[in-house]
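# Breakdown of the fold
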There are 4 protein chains.
Amino acid sequence: MGWSPKLAVGAWVVGMQADRFMPKGYREFVPTEEKIRRVGSVPGVTGIELTFPVDFTTLKASEVAELLKQNSLAATDIGLNIFGDVRWKRGSFSNRDDSARRAAIDTALAAVEAARVIEAEGLRMWMGQDGFDYPFQVDYRRQRELLIEGFREVASAAPDLRVDIEYKLKEPRAHSLIDNASKAILFAQEVGLPNMGVIIDFGHALMSKENAAEVASLALQYDLLAGVHFNDAYGDWDDDLIPGTLNLFEALEFLCVLRQADYQGWLTLDSFPFREDPVEAVKLSIRNTQGLIEMANRIDLEALKKAQETMDAVATQEVIRKVLFAN
Amino acid sequence: MGWSPKLAVGAWVVGMQADRFMPKGYREFVPTEEKIRRVGSVPGVTGIELTFPVDFTTLKASEVAELLKQNSLAATDIGLNIFGDVRWKRGSFSNRDDSARRAAIDTALAAVEAARVIEAEGLRMWMGQDGFDYPFQVDYRRQRELLIEGFREVASAAPDLRVDIEYKLKEPRAHSLIDNASKAILFAQEVGLPNMGVIIDFGHALMSKENAAEVASLALQYDLLAGVHFNDAYGDWDDDLIPGTLNLFEALEFLCVLRQADYQGWLTLDSFPFREDPVEAVKLSIRNTQGLIEMANRIDLEALKKAQETMDAVATQEVIRKVLFAN
Amino acid sequence: MGWSPKLAVGAWVVGMQADRFMPKGYREFVPTEEKIRRVGSVPGVTGIELTFPVDFTTLKASEVAELLKQNSLAATDIGLNIFGDVRWKRGSFSNRDDSARRAAIDTALAAVEAARVIEAEGLRMWMGQDGFDYPFQVDYRRQRELLIEGFREVASAAPDLRVDIEYKLKEPRAHSLIDNASKAILFAQEVGLPNMGVIIDFGHALMSKENAAEVASLALQYDLLAGVHFNDAYGDWDDDLIPGTLNLFEALEFLCVLRQADYQGWLTLDSFPFREDPVEAVKLSIRNTQGLIEMANRIDLEALKKAQETMDAVATQEVIRKVLFAN
Amino acid sequence: MGWSPKLAVGAWVVGMQADRFMPKGYREFVPTEEKIRRVGSVPGVTGIELTFPVDFTTLKASEVAELLKQNSLAATDIGLNIFGDVRWKRGSFSNRDDSARRAAIDTALAAVEAARVIEAEGLRMWMGQDGFDYPFQVDYRRQRELLIEGFREVASAAPDLRVDIEYKLKEPRAHSLIDNASKAILFAQEVGLPNMGVIIDFGHALMSKENAAEVASLALQYDLLAGVHFNDAYGDWDDDLIPGTLNLFEALEFLCVLRQADYQGWLTLDSFPFREDPVEAVKLSIRNTQGLIEMANRIDLEALKKAQETMDAVATQEVIRKVLFAN
């Protein structure tokens, strides 16, 4: 039956979602218990990505662990939210204000404790506010140093867990400090600890004008691919759409590279179904993801490998089109 | 002293601002009274753009009018907010749900009443939710028909006011129905009423991959340029940055085309200073705008006109660089 | 068997192709006779788009007509090449230099004669050099006036043929004057003659950040859709790739809108297989196009129409995914 | 008088230039002697970047050296042209065809010899054809390995010279293998030899959606910044425009970071004045560059440093705007 990666869903996908034109939210607030229940109800899903502190404010970590068990869900990484509080509006680990910076690192260390309790694999570090909006706004070198020092402190304190950097070109800042896969790898190397990892989000790769399969291959080569966020997007923004609705070939190639490496980590849905019923959107997303995995499994890898030796587009497309076109 | 357009500020610029990662807002909520006071405190500003219903919920229109007088501010257009309520999450005028559509048009008609009371010039119609996120999601032709019908109903009911279409490529939808200047002009023509207008937002033009000066010239040629939103942006997103911090030459050219047409409408600041003190950001924005206007006034129009006859980049740049470089 | 549009190929697709880093060309020069023969050899292709004067320099129009007959090919539009000679480097119809402008119009008029001889349907007017590279470089209004006057002169002289505007965002200029579908429609209207048309190139639509199906629907509504260029592209540049290799869903929706309108014009392959065997690339392109058409024919239009009334992404995707996913 | 970097010009800037729509060229062919003479005639320019083999085909390296001396020009790096011959259409160092790959490396080794004779500082390695156009077209890992091996062979053979990687997002390929600054740094590290360097092209940084100052700072931190190509661009394509005509603030910040590091390498003009008199375009480019350097020198670095500690956009812009605005 072929390669069959574990499927997970980010808890926020089925939660309330807002944007700058609808700050009240497109839906009502959804408590963590209900988000877990919703994710657990989706056929084919065995994991959930929670965020800290968001999902650990009214519930203790042990209570969250119990809920996961009840819903037959494993924890993937815990997503660290050190971007959604105004004290971090100009940065978390790279903040030049010591108290803001300390608070961010302390939050990460508290997340480490929570991760242990719920048996998460590590922390997903998406540094949303660590960046800049204007030319001249920051001292880039100092920002990077502070960022790396922060990663090092957290990774040192959690040798039993992974510390996984998720890059993104921009948003909410006009420029993020960690803006593409190669920089994430560079930074992970600079931290210099064996428990660093890199997470690739399919839509983030497109926004950084990368080929997602190529950067997955790069992260795999450096033995750093720790996780994958899956979704779809137009390529100029982090649209966080339902997978399998827009970029079929690039999604297929991305999955094919993971299949070739026999990637056994999580494939985690990260989408924002603002205007859809979130559970229905997740169900469709998972079915589409399974459909794409099934297609990726039907690709003749031997024929592909041979065609790639020619570097000829016609030869390689002849192999791929078989999974889509009958003629 | 040259061309000197009237300067205004959008009330939201000095209000609370949120985004999807900081839904609680980067600042506290700011009541309308305070927003008017803040805008009125900025040297050089003589107008304000309020939004309906946002700025008319706790205050009656007559009270708003009184506040404007007290702060020596004129009303520009009223910005219509028919995007920030969940019933319009899939569209306002183009919504296939009759009750949502009716509510949007009725809100516009109520805004017309408010506009008359505060002596605004018209309504700014930015149709934020009228668009689509996915291929196949909507019947484009039907969406357009509904949109045009809505414009027609409102413009018919307000022959004493302008109904001004503001286009934008996307956000909050992945695709907006009215996504560039030419389409806004086409739609204004299709409505077929003399009080239709078009508003050009500098950053929106960049995001639509337009040259802002070129589309300003186009709207002027069709006698439709009803207003201008000013700001700065990187060109892939509606960054809503402080003017005069990024795209100097394109901003200068945009102002130069307005100067050449002796544009006497409003130049309205539309920015989102999420992480800055909003009043300080507005003061800097206005000083930068005045600085840019001063530069635009220093351009030798006769020499430019002559150089443009050659269509030669070196010849035209020789005229322009004089306002920036001494060598 | 459903909707089955006529398929054509641009003669340049199977010709020599160069770029700024390979000015000598990726292949040897290919004479017109051979290009016609190559296109005629591809199963499923019944039309060819030739360019003027390129394909009419060593052959008389009557000889070209004879070659078409021998190869069982009909002429679509003739593509007008008034961009590939240095006298037009700063513009053709919009050139401020009268002699360059006159030469461009005279070339178009000569192309009209050729079109009559080979029984082409009209002229495809892609105004490659009519644009600008720098802010301030041109007087936009004057450029537009000259452009429109040129179109009017040609369209007046050829009431028996169509004059079809093909828009493109940029390249070879950093900005083209006719940069999106709405502007093409606006300009076609301004010319004010019944034989004006608009051509939509799938990759050009993507580059202009349009949804290709949406602008096809727009052009159809204005009764202006005169032709279609088909290919694939990443969306930031006119990549001119083999169809069906990248953007499957948007291509499918584009074809679906054409099917819904029962479009009976040409679907013309416009690609640049720089590094591929051109005939093999064309064969694959046609098979992929036929595969996509077959998929578009399998979409349940009644169900789609009904789902689109909800404007719900999940509902509409449920209809579409049936043609791709079995689960 | 402040920081004053050495200014150079790429020989191709004053040569013939073509594109895919004007393969015959926008100008006549210009022999190397004349290109050197033209560059030498521009006030303020002390260096030239030649390309190999292009500028070493009719002249021996010793003759080139003599011409440089006569024109008072130093050689910067030699730009390696292993992209402009059809045998490399699918890649040079990363070509899966051994003979094409060998020919590319041998050309690099021959360029090393030429570099020694003309006393160039190293080789600029822009791997234009090493990339891919379609998903699935290549085995990314194998391509990278071959590329790194090629760099290693050349760098090993030239310990007395630098081997400098210039990255670019795309063109002529739809995707380049070395597509951003971080990947160039990663690859330079992987080669593992002390004479590897990285070249940052201002317009390439914009196209990769980077902030040019930020990546310059990154390359400086890794002690890899070996050279700079200067120009201007809109950010979605390698427009290669005249500097100081479009992105003033980002250019200024880029130069400011170089000034802060007291960068003493070359600032080399890399532009394509297709439609301009090339010598006039270069003269204007150099004057604009000098004007920008003068502005960068007027920035109060102490005040900037202090403002950057606040990470506040208003505070930092107050420092910067002083060099532009009087109000």
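Here's what I pulled together on the structure shown here. Here the structure is a predicted model, which means the values were calculated and not measured.

We now examine the relation of the copies chain B and chain A. When chain B is fitted to chain A, the best match, at an RMSD of 0.0 Å, comes from turning it 180 degrees and sliding it 0.0 Å along the axis. One copy is carried onto the other by what is essentially a two-fold rotation axis. Minimal C-alpha distance to the rotation axis in chain B is attained by Asp 19 of chain B, lying at 2.4 Å.

Moving on, we come to the environment of Thr 51 of chain C. All names here are of chain C. Note on placement: Thr 51 falls in strand β3 (residues 51-52). Considered as a pair, Thr 51 and Ser 285 are 234 residues apart in the sequence and their alpha carbons are 21 Å apart. With residues up to four places along the chain from it excluded, the contact list for Thr 51 reads Trp 12, Phe 56, Ile 78, Gly 79 and Arg 124.

A separate point is the packing of helix α2 (residues 61-70) of chain C against helix α3 (residues 98-118) of chain C. All names here are of chain C. Viewed as axis vectors pointing N to C, α2 and α3 meet at an angle of 35 degrees, and their least axial separation amounts to 8 Å. For the pair α2 and α3, the sense of crossing is right-handed. Note on element contacts: α3 touches α2 through Ala 114, Val 117 and Ile 118, opposite Ala 61, Ser 62, Val 64, Ala 65 and Leu 68. By residue class, the composition of the contact of α2 with α3 is 7 nonpolar, 1 polar and no charged.

Let us look at the sheet that holds strand β10 (residues 196-201) of chain D. Residue and element names in this part refer to chain D. Read across the sheet, 10 strands follow the order β3-β5-β6-β8-β10-β11-β12-β1-β2-β4 without closing on themselves; strand pairing throughout is parallel. Pairing within the sheet leaves two strands with one partner each, and these edge strands are β3 (51-52) and β4 (74-75). Sheet analysis places strand β6 (residues 122-126) next to strand β8 (residues 162-166), joined by 5 bridges and oriented parallel. From the neighbouring strand, Gly 122 faces β8, where its bridge partner is Arg 162. Across the sheet, helix α3 (residues 98-118) touches β3, β4, β5 (78-80) and β6, and the angle it forms with β5 is around 170 degrees.

Moving on to the side chain of Ser 208 of chain C. Residues and elements named next belong to chain C. As for its placement among the helices and strands, Ser 208 is situated in the loop between α6 (202-207) and α7 (212-221). Residue classification places Ser 208 among the buried positions, given a relative accessible area of 5%. A polar atom in the side chain of Ser 208 sits 2.7 Å from the backbone oxygen of Asp 179. For Ser 208, the residues in contact, after removing those within four places along its chain, are Tyr 167, Leu 169, Asp 179 and Asn 180.

All right, on to the packing of aromatic side chains then. Counted under the stated rule, the structure contains 50 aromatic pairs over all chains. Geometrically, the ring pair formed by Phe 83 of chain A and Phe 21 of chain B is edge-to-face, given 5.7 Å between the ring centres and 80 degrees between the ring planes. One end of the pair, Phe 83 of chain A, is in the loop between β5 (78-80) and α3 (98-118); the other, Phe 21 of chain B, is in the loop between β1 (6-10) and α1 (32-40), on a second chain. Look at Trp 237 of chain A and Trp 237 of chain B: their rings are 3.3 Å apart centre to centre, the planes differ by 5 degrees, and that puts the pair in the stacked class. Of this pair, Trp 237 of chain A sits in the loop between β11 (225-230) and α8 (248-260) while Trp 237 of chain B is found in the loop between β11 (225-230) and α8 (248-260), placing the two residues in two different chains. Residue Trp 237 of chain A is classed as buried on the basis of its relative accessible area, which comes to 10%.

This part takes up the interface of chain D and chain A. Tallying the contact residues gives 50 residues for chain D and 51 residues for chain A. When the two sides are added together, the surface that chain D and chain A hide from each other amounts to roughly 5,000 Å², 56% of it contributed by carbon and sulfur. The interface formed by chain D and chain A contains 6 salt bridges. With a shortest N-O distance of 3.2 Å, Glu 214 of chain A and Arg 144 of chain D are connected by a salt bridge. One can count 29 residue pairs in polar contact (both at pLDDT 80 or more) joining chain D with chain A. Where the side of chain D that touches chain A is concerned, the elements lending two or more residues are α4 (140-157), α5 (181-191), α7 (212-221), α8 (248-260), α10 (301-310) and α11 (313-321) of chain D.

The next thing to look at is the pairing of strand β6 (residues 122-126) of chain B. Residues and elements named next belong to chain B. Within β6, 5 of the 5 residues are buried, which leaves it mostly tucked inside the rest of the structure. For strand β5 (residues 78-80) and β6, the ladder comprises 2 bridges, and the chain directions are parallel. Residue pairing in the sheet places Gly 79 in a bridge with Arg 124 of β6. Between β5 and its parallel partner β6, the chain crosses via helix α3 (residues 98-118), and the hand of that crossover is right-handed.

Now for the pairing of strand β10 (residues 196-201) of chain C. When a strand is regular, its side chains alternate between the sheet's two faces. Residues and elements named next belong to chain C. Across the 6 residues that make up β10, a large majority, 6, are buried. On β10, burial covers both faces: Met 196, Val 198 and Ile 200 on one face and Gly 197, Ile 199 and Asp 201 on the other are all buried. Bridge count for strand β8 (residues 162-166) against β10 is 4 bridges, and the pairing is parallel. Counted as the bridge partner of Glu 166 is Ile 199 from β10. One ladder, built from 4 bridges, connects β10 with strand β11 (residues 225-230); its direction is parallel. For Ile 200, the partnering residue across the bridge sits in β11 and is Val 228.

The next subject is helix α9 (residues 278-298) of chain A. Given 3.6 residues per turn, any residue in an α-helix points the same way as the ones three and four places further on. Residue and element names in this part refer to chain A. End to end, α9 covers 30 Å across 21 residues, agreeing with the expected 30 Å (1.5 Å per residue, within 8%). Of all 21 residues making up α9, 15 are buried, and the element is well covered by its neighbours. You can read the cap of α9 off the contacts: a side-chain oxygen lies 3.1 Å from the backbone nitrogen of Val 279, and it is on Asp 277.

This paragraph deals with the interface of chain B and chain A. The interface is formed by 42 residues belonging to chain B together with 42 residues belonging to chain A. For the pair chain B and chain A, the summed buried area comes to about 3,900 Å², and 55% of that belongs to carbon and sulfur atoms. Of all residues in chain B, Arg 20, Phe 21 and Arg 275 of chain B bury the most surface against chain A, accounting for 24% of the area lost on that side. Linking chain B with chain A are 9 salt bridges, by the criterion used here. In this structure, Arg 275 of chain B and Asp 133 of chain A form a salt bridge, with 3.5 Å as the shortest nitrogen-oxygen distance. On inspection of chain B and its partner chain A, the count reaches 20 residue pairs in polar contact (both at pLDDT 80 or more). Looking at the side of chain B that touches chain A, its residues break down into 19 nonpolar, 6 polar and 17 charged.

Attention shifts here to the pattern of salt bridges. All told, the structure shown has 129 salt bridges over all chains when counted by the stated rule. Between Lys 35 of chain A and Asp 55 of chain A there is a salt bridge, with its nearest N and O atoms 2.9 Å apart. Taken as a pair, Lys 35 of chain A in helix α1 (residues 32-40) and Asp 55 of chain A in the loop between β3 (51-52) and α2 (61-70) lie far apart in primary sequence, 20 residues in all. The same class applies to Lys 35 of chain A as to Asp 55 of chain A, namely buried. The salt bridge partner of Lys 168 of chain B is Glu 171 of chain B, with a shortest N-O separation of 2.6 Å.

What counts and what doesn't
- Residues numbered from 1 in each chain as written.
- Chains lettered and ligands numbered in written order.
- Predicted model: local features only at pLDDT ≥ 70, side-chain atom pairs only at ≥ 80, totals over all residues.
- Heavy atoms only, no water.
- Least-squares fit on C-alpha atoms with pLDDT ≥ 70 in both.
- Helix = DSSP H or I, 4+ residues; strand = E, 2+ residues; numbered from the N terminus.
- Contact = heavy atoms within 4.5 Å.
- Axes fitted to C-alpha atoms, helices over the stretch in contact; angles between N-to-C directions.
- Left-handed = near helix turned anticlockwise from the far one by under 90°.
- Nonpolar A, V, L, I, M, F, W, Y, C, P; charged D, E, K, R; others polar.
- Pairing = 2+ DSSP bridges.
- Buried < 20%, exposed > 50% of the residue type's maximum accessible area, 1.4 Å probe, protein only.
- Polar contact = N/O pair within 3.5 Å; in protein donor to acceptor, adjacent residues only side chain to side chain.
- Phe/Tyr/Trp six-rings, centres within 6.5 Å; stacked < 30°, edge-to-face > 60°.
- Buried area = accessible area lost by both parts, 1.4 Å probe.
- Salt bridge = Lys/Arg side-chain N within 4 Å of Asp/Glu carboxyl O.
- Right-handed = clockwise from strand over helix to strand, strands pointing away.
- Expected span 1.5 Å × (residues − 1).

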